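The chain contents come next:
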Amino acid sequence: MLIHSKMKLAEVIHLNYHLLQIISRFGINLGFGDKSIEHVCRDYFIDVDFFLEILNSYHNKDYFPQKHLQGFSVGLIVEYLRKSHEYYLHTKIPEIEQLLQRLSDSYPEETRETYQLIDKFFTGYKLELSDHIQREEHKVYPYVFSVENAYLARNPTVEIVSSIHNYSMDDFEEEHDNVEDKLYDLKNILIKYLPLPADPRLCQAVLFELFRLETDLNDHARIEDKVLVPKVKYMEKWILEHFNA
Amino acid sequence: MESIHVIIADLSQLTRTGVSAILRQFGYPTSCREIMHPDRLTDYVFKNHNTLLIISNSFISKCSSDQLRNLTARTRYLFKILIRDSGTLLLPIHTFNEIIEPEDNDKIIFRKLEKQLQGLLKPFTAGIVQEEISDREKEVLRLVAMGFTNKEIAEKLFISAHTVITHRKNITSKLGIKTIAGLTVYAVIHKLISPDIVN
Ligand SMILES: [Fe+2]
Ligand SMILES: [Fe+2]
């Protein structure tokens, strides 16, 4: 079922509670009564079309209106991506760390060494993820903003052209690595190889969170690769074509 | 499959040889070590997980009080079998998972050992259908986990870099682990490398 603007936001949450993490990413707090999506968006100054497309593509894996999403401004897209980054680093990762800590504490002293390895592995993962995010926030996003500005102003300056030559979406595509591999490994280690879990419920809780984070990250990368990249590429092309003319 | 360390601690060469001979009849992946001095206990018994310690009464009487305390500690990774020979027993009897009596014949001894080996293997085999990695793959995995590059591994094992890559692909698809960090965790859990190497 496609989510539309006249639906009550509360209804939508009942439909799929995973969407809670999306609405919080848009800054929407609970307690919105029976207001429709349209209404809530108006209250929070949220672009309702964009909000709906994100909800729908998150809700339904087969729904991905690539062309339509590309129609939104870089500002909107990047703001959402940034909010997601924040959510991963400051909400999700600390939550998983806490669970892992409890898991490792639940093992008897003499075997704890092995489980500390898991913590260590996750710390390594966290660094990898935050490097990835830092690079996007400090290099890629400022760059795409400058491209969009030049494109919208129909003003292909020397500066923007040289900056495109210096670093373009082609480079980003190449370096944009997959941050899900380690999560995949960790899941398998917990599912298949971790001997004698002291507390199976804790193990399950960690796994549940890992699966969720992985799905979310995949979704996120899809927006970067399939929406942001082609959109900015199109603008880069326009700028380069009109520079010499 | 997880391998089991068996330590035979007995003062008599005859007993040690006899017990190892019986153990060889099992198809389990065991590595067997014979020790004749209590000091060696610390080297082998308390470090390895998943250990079956077969120890005699007369051996225990040569242990220091520290060693005795270590022996009494109950962990699920150390199974202890007492060979009851001469002298008074310095440890409570419930310290041991099994006792081999002087009058036990070879069939009984075999059964007692088998029961303990199965107990140790159980947590690792129950419910796990795992594609076995070969010994060669294990060796490659060990070196990968220790941080060696494909080229270095190739040189160490006298194989081509291409073969190393093939091994690595097979390891990843069999284990479902893609990253080096993940393989390292696997290697430590399965005692292919010691945790110290990682630290
Ligand atoms: Fe990102
Ligand atoms: Fe990314």
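Residues numbered from 1 in each chain as written. Chains lettered and ligands numbered in written order. Predicted model: local features only at pLDDT ≥ 70, side-chain atom pairs only at ≥ 80, totals over all residues. Heavy atoms only, no water.

1. With respect to the overall build of chain B
Part 1: Scanning chain B for helices and strands turns up 10 helices and 5 strands.
Part 2: Burial statistics for chain B: of 199 residues in total, 43% are counted as buried.
Part 3: Partitioning the intrachain contacts of chain B with sequence separation of at least 6 by distance along the chain shows that 62% fall at a separation of at least 24. (Helix = DSSP H or I, 4+ residues; strand = E, 2+ residues; numbered from the N terminus. Buried < 20%, exposed > 50% of the residue type's maximum accessible area, 1.4 Å probe, protein only. Contact = heavy atoms within 4.5 Å.)

2. Quick notes on the packing of helix H7 (residues 112-152) of chain A against helix H9 (residues 180-189) of chain B
Part 1: Two numbers describe how H7 of chain A lies on H9 of chain B: the axes approach to 10 Å, and their chain directions differ by 175°. The angle between the axes of H7 of chain A and H9 of chain B places the two elements in the roughly antiparallel class. Of the residues in H9 of chain B, those in contact with Thr-114, Leu-117, Ile-118 and Phe-121 of chain A of H7 of chain A are Ala-181, Gly-182, Val-185, Val-188 and Ile-189 of chain B. (Axes fitted to C-alpha atoms, helices over the stretch in contact; angles between N-to-C directions. Parallel < 35°, antiparallel > 145°, perpendicular 65-115°, else oblique.)

3. Quick look at the side chain of Asp-185 of chain A
Part 1: Take Asp-185 of chain A: it is sitting in helix H10 (residues 181-193).
Part 2: Although Asp-185 of chain A lies buried, it forms no salt bridge, and the closest oppositely charged side chain, Lys-178 of chain B, sits 6.3 Å away as judged by the N-O distance.
Part 3: Other than its neighbours up to four places away in sequence, Asp-185 of chain A contacts Phe-121 of chain A together with Gly-176, Ile-177, Lys-178, Thr-179 and Gly-182 of chain B. (Lys, Arg positive; Asp, Glu negative; His and termini not counted. Salt bridge = Lys/Arg side-chain N within 4 Å of Asp/Glu carboxyl O.)

4. Here we look at the coordination of the iron ion (ligand 2)
Residues and elements named next belong to chain A.
Part 1: At the metal site, the iron ion (ligand 2) is ligated by His-132 (NE2), Glu-136 (OE), His-176 (NE2) and Glu-224 (OE), and these contacts range over 2.0 to 2.2 Å.
Part 2: Each of the 4 donor atoms around the iron ion (ligand 2) contributes to a set of angles spanning 83 to 176°, which defines the coordination as irregular.
Part 3: Between the iron ion (ligand 2) and the iron ion (ligand 1), both coordinated by Glu-136, there is a metal-metal distance of 3.1 Å. A residue pair is termed long-range when its members are at least 10 positions apart, and His-176 in the loop between helix H9 (169-175) and H10 and Glu-224 in helix H11 (residues 200-244) qualify at 48 residues.
Part 4: In this structure His-176 comes out as buried when scored by relative accessible area, which is 14%. (Donors = N, O, S within 2.8 Å, 3.2 Å for Na, K, Ca; no water. Tetrahedral: all angles 85-135°; square planar, octahedral: opposite > 155°, others 65-115°.)

5. Focus on the coordination of the iron ion (ligand 1)
Residue and element names in this part refer to chain A.
Part 1: Taken together, His-85 (NE2), Glu-136 (OE), His-220 (NE2) and Glu-224 (OE) make up the protein donors of the iron ion (ligand 1), found 2.0 to 2.2 Å from the metal.
Part 2: Around the iron ion (ligand 1), the 4 donor atoms are arranged such that angles at the metal cover 85 to 167°; this shape is classified as irregular.
Part 3: For Glu-136, a relative accessible area of 2% gives the class buried.
Part 4: Among the residues examined, Glu-224 registers a relative accessible area of 1% and is labelled buried.

6. Examining the pairing of strand S1 (residues 4-9) of chain B
Residues and elements named next belong to chain B.
Part 1: Taking burial as the measure, the 6 residues of S1 include 6 buried ones, the bulk of the element.
Part 2: Across the two faces of S1 the burial is the same, with Ile-4, Val-6 and Ile-8 and His-5, Ile-7 and Ala-9 all buried.
Part 3: In the sheet, S1 pairs with strand S2 (residues 30-35) via 6 bridges, with the strands oriented parallel. Considered in S2, the bridge of Val-6 is made with Cys-32. (Pairing = 2+ DSSP bridges.)

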